[in-house]
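# Report on the structure
Residue-level listing of the chains:
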Amino acid sequence: MKIALHLALLLLAFTFPARAHDIEYDTGAICDTRTQAARLAMLLDGNEHTAIAMVNAEEGNPNACAVETVAFVRGGTLATARSKAEAFEVVEILVVGVDPGGGFRSIAPNVYFMLVKIDERDA
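Every chain is numbered independently, its residues counted from 1 as its sequence is written. Note on the predicted model: pLDDT of at least 70 is required for a residue's local features to be given, and 80 or more for side-chain atom pairs to be given and counted; whole-chain, interface and lining totals, by contrast, use all residues. Water and hydrogen atoms were dropped before computing side-chain values, which therefore reflect all heavy atoms in the structure.

Stacked, edge-to-face and tilted labels apply to pairs of Phe, Tyr and Trp rings (six-membered ring for Trp) whose centres lie within 6.5 Å, assigned for plane angles under 30 degrees, over 60, and everything in between, in that order. In total, this model carries one aromatic pair according to the counting rule given. Ring geometry for Tyr-25 versus Phe-104: centroids 5.1 Å apart, planes at 70°, classification edge-to-face. Taken as a pair, Tyr-25 in strand β1 (residues 24-31) and Phe-104 in the loop between β3 (87-98) and β4 (105-118) lie far apart in primary sequence, 79 residues in all. With a 1.4 Å probe rolled over the protein chains alone, any residue whose accessible area is under 20% of its type maximum counts as buried; one over 50% counts as exposed, and the rest are partly exposed. The class of Tyr-25 is exposed, set by a relative accessible area of 54%. A run of DSSP states H or I qualifies as a helix once it reaches four residues; a run of E qualifies as a strand once it reaches two. Both are numbered from the N-terminal end.

Structure, rendered in structure tokens:
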């Protein structure tokens, strides 16, 4: 009876299609926390590197936010944040690869937060 149950469960497992996650590639600012990303959005007013330096100084961590080229799986939108001129979604991402300049290499997956600009033009 146990063998039949195990075989039935194994067969059932193979009848459901596996869902692959889309890997995206992008270069942009990523932050360690949702709060840091939201703060970065509020400070963005022209120079991204200046805004990143301000967040990092406030956090006392020179690596809290950085511009990186990463391969990632996009998660959910967690918040909306605004600068003086633009609106952004704060999106959770699972980073699975980085490109330090010579091509992508995989890394142990880690969660970060990125900003995605919201197009506010009238349709």
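Once you've had a look at it, read on.
This next bit is on the state of the cysteines. Cysteine sulfur pairs qualify as disulfides if the two atoms are within 2.5 Å. Going through the model one piece at a time under the given rule, you end up with one disulfide. Shown here is the disulfide that connects Cys-31 with Cys-65, its sulfur atoms set 2.1 Å apart. Note on the Cys-31 and Cys-65 pair: the S-S dihedral is about 110°, so by sign convention the disulfide is right-handed. In this pair, Cys-31 is assigned in strand β1 and Cys-65 in strand β2 (residues 65-82), connecting sequence segments 34 residues apart.

When a strand is regular, its side chains alternate between the sheet's two faces. Between any two strands, at least two bridges found by DSSP are needed for them to pair. Alignment of β1 against β2, held across eight bridges, turns out to be antiparallel. Along β2, the bridge assignment pairs Glu-24 with Phe-72.

Turning our eyes to something else, we now look at the layout of surface pockets. For each structure, a 1 Å grid was placed over the protein atoms alone; sets of points admitting a 1.4 Å probe that cannot get out are labelled cavities, open sets with protein on both sides within 12 Å along at least five of seven lines are labelled pockets, and lining residues have an atom within 4 Å of a point. Grid points are joined across faces, edges and corners, and a volume is the space filled by probe spheres set on the points. Here the largest pocket defines a volume of roughly 200 Å³. Gly-28, Ala-29, Glu-48, Met-114 and Leu-115 are, among the 16 residues lining the largest pocket, the residues nearest its centre. Elements with a contribution of two residues or more to the lining of the largest pocket: β1, β2 and β4. The element contributing the most residues to the lining of the largest pocket is β1, with five residues. Tallied by class, the residues present in the lining of the largest pocket amount to 10 nonpolar, two polar and four charged. In this count, Pro and Cys sit with the nonpolar residues alongside Ala, Val, Leu, Ile, Met, Phe, Trp and Tyr, while Asp, Glu, Lys and Arg are called charged and the others, Gly among them, polar.

Helix span, as expected, comes to 1.5 Å for every residue beyond the first. Counted at 1.5 Å a residue, the expected span for helix α3 (residues 48-59) with its 12 residues is 16 Å, and the 17 Å between its end C-alpha atoms agrees. For α3, every residue scored as buried is listed here: Ala-51, Ile-52, Val-55 and Asn-56. One face of α3 carries all of its buried residues, which in axial projection span an arc of 135°. Counted as exposed and oriented over 90 degrees from the buried face of α3: His-49 and Ala-57. Whether two residues are in contact is decided by their heavy atoms: any pair within 4.5 Å suffices. Check the buried side of α3 and you find it contacts β1, α2 (34-43) and β2. Nitrogen and oxygen atoms within 3.5 Å of one another constitute a polar contact, given that in protein one can donate a hydrogen and the other can accept it, and given that sequence-neighbouring residues count only through two side-chain atoms. The backbone nitrogen of His-49 lies 2.8 Å from a side-chain oxygen of the residue at the head of α3, namely Asn-47. Looking one or two residues beyond α3, the residue adopting positive phi is Gly-60, at roughly 65°. Read the arc as the range of directions from the helix axis to the C-beta atoms.

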